[in-house]
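Close look at the chain arrangement
Here are the chains, one letter per residue:
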Amino acid sequence: MKILSVNAGSSSLKFQMYEMPEENVLISGVFERIGIENSFYTIKINGEKIQKNANLENHEVAVNILINELLDNNIINSLDEIKGVGHRIVHGGDKYSKSIVLNDEILKDISTLNELAPLHNPANISGVYAFMKQIPNAIQVGCFDTAFHQTIKEDRYRYAVPDEWYTKYGVRKYGFHGMSHKYVSEKVMELLDKDLANVIVCHLGNGGSISAIRDGRCIDTTMGFTPNAGIVMGSRSGDIDYGIIPYMMNKTNMSISDIDNALNKQSGMLGISSVSSDFRDIDAKIAEKHKPSILAHHLYVNSIVGYIAKYYVELGGVDAIAFTAGVGENAPHIRRMVVDRLSCLGIKIDREKNDEFRFGKEGIVSTPDSTAKVFVIPTDEEVVIARDTYSLI
Ligand code: AMP
């Protein structure tokens, strides 16, 4: 059965087509600069990457081109072969704790959550409408980034703020990167060959979050009401004292949206290093002994170690810690800096082995006598979408 896995952003649309249940990727690609001049798309098929320019006025035009590419490349002979399209939807609020078959009514209901994710949900939803129009016979499925965290209990998802903020306005922890945490924790359980296990997943990318997972169920995660909570990130501050906000507004003429922009786009590794949000640029500066970049690394590692320690205690010990996403998969020195700080728990990294794990390599990087196994697991949010879509069909 052929299934498309889709991630529609405001100006982009990423896709992968799977043959299910085998999970073979038949074709993948991304449409970029949708609705902006100089738009183009890239497709990957049989290991070959092709880039083409196209006037991508809106998502519908992109979907139309996608269909023609599927037909031209003989991936499908007719549209009826596409049985399902699974869509990443960032925010499902506290209503959507599982993936769901979409229809007009449900999409309208999901739209009521737009205020919780104003940059993402409207774009995700326009992606769904574009596919509904172009491939009307396929079942459309919504897969939420927040869903995996819906198992977090109230004494962990509530903030100690006036009750009405929660009951009337929905202010609570939601958590994000759910599909990645789900994929990686399931993979770890499979590799451990266990049904019951305590796992900490460190999703360290440009955005970053850590989750505490007991027997496959998330009990806590670092992102909160918004993705800006938790660990230091590429350009997001992570946790800060909220009192900084009125203080800076008084001291400067920054508006609340200037502050929001600064905490989301000019903070984190970029803010501290003044170099870049990208770890590769910061590493290059560290090689030149650039002190702010070294400091940025330390702040980053401190914030990760702090949450691992917290979750270790909350879980009552762990069977495994897993690293994933851009930094987690490709930066062995960051993994080493983190795990070296866990030696008091008996968790130890095999330095030589750790250095070998980059660019998609999956496996264990801890020493045989480590009290918990340390894994590197390349994340795969697309396959989670394809799996959920297949199982709903
Ligand atoms: P993601 O958000 O998961 O796509 O991760 C993107 C981030 O991963 C980039 O901004 C980099 O900071 C980091 N990254 C990617 N490749 C490498 C690498 N080879 N070494 C260090 N960091 C990397």
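Reference entry: report on the structure contained in this document. (Residues numbered from 1 in each chain as written. Predicted model: local features only at pLDDT ≥ 70, side-chain atom pairs only at ≥ 80, totals over all residues. Heavy atoms only, no water.)

As for the packing of aromatic side chains
How we decide: The rule is short: rings of Phe, Tyr and Trp, with Trp giving its six-membered ring, pair when the centres are within 6.5 Å, and they are stacked under 30 degrees, edge-to-face over 60, tilted in between. What counts as a helix is a DSSP run of H or I of at least four residues, what counts as a strand is a run of E of at least two, and both are numbered from the N terminus. Partly exposed residues are those whose accessible area sits between 20% and 50% of the maximum for their type, while under 20% is buried and over 50% is exposed, using a 1.4 Å probe and protein chains only.
Inspection of every chain in the model, using the stated rule, returns 7 aromatic pairs. Here the aromatic rings of phenylalanine 15 and phenylalanine 31 are separated by 6.0 Å at their centres, their planes lie at 40°, and the arrangement is tilted. Of the two residues, phenylalanine 15 sits in strand β2 (residues 13–19) while phenylalanine 31 sits in strand β3 (residues 24–32), which places them 16 residues apart along the sequence. A relative accessible area of 1% places phenylalanine 31 in the buried class. Cluster of aromatic residues (ring-pair linked, three or more members): Phe15, Phe31 and Tyr41.

What about helix α3 (residues 121–134)?
Heads up, the condition is: To estimate how far a helix should reach, multiply one less than its number of residues by 1.5 Å. Contacts are assigned to residue pairs that have any heavy atoms within 4.5 Å of one another.
Here α3 contains 14 residues, and its C-alpha end-to-end distance of 20 Å stays within 8% of the 20 Å for a straight helix at 1.5 Å per residue. Within the span of α3, buried status applies to Asn121, Ala123, Asn124, Ile125, Gly127, Val128, Ala130 and Phe131. Contact partners of the buried residues in α3: β1 (2–8), β2, α1 (59–72), β6 (82–89), α2 (104–111) and β8 (139–144).

Side note on α2
Stated precisely, the cut-off is as follows: In this description, the arc belongs to the directions extending from the helix axis to the C-beta atoms. Here a polar contact is recorded for every N or O atom pair within 3.5 Å, except that within protein the pair must consist of a potential hydrogen donor and a potential acceptor, and residues adjacent in sequence are included only if both atoms are side-chain atoms.
Listing the buried residues of α2 in full gives Ile106, Leu107 and Ile110. The buried residues of α2 occupy an angular sector of 100° when the element is viewed end-on, so they sit on one face. Projecting away from the buried face of α2 at angles above 90 degrees are the exposed residues Glu105 and Lys108. Among the structural elements, β6, β7 (100–101), α3 and β8 are those in contact with the buried residues of α2. For α2, the side-chain oxygen to backbone nitrogen distance between the N-cap and glutamate 105 is 3.1 Å, and the N-cap itself is asparagine 103.

Topic: the sheet that holds strand β14 (residues 373–376)
The condition that has to hold: Strand pairing is assigned whenever DSSP identifies at least 2 bridges connecting the two strands.
In spatial order, the strands read β11-β10-β9-β12-β14-β13; together these 6 strands make up an open sheet with mixed pairing. With one partner strand each, in any of the chains shown, β11 (217–221) and β13 (363–364) form the two edges of the open sheet. Here strand β10 (residues 208–214) pairs with β11 via 4 bridges, running antiparallel. Looking at β11, one finds that arginine 214 is bridged to arginine 217.

By themselves, these figures tell us nothing about what the structure is for.
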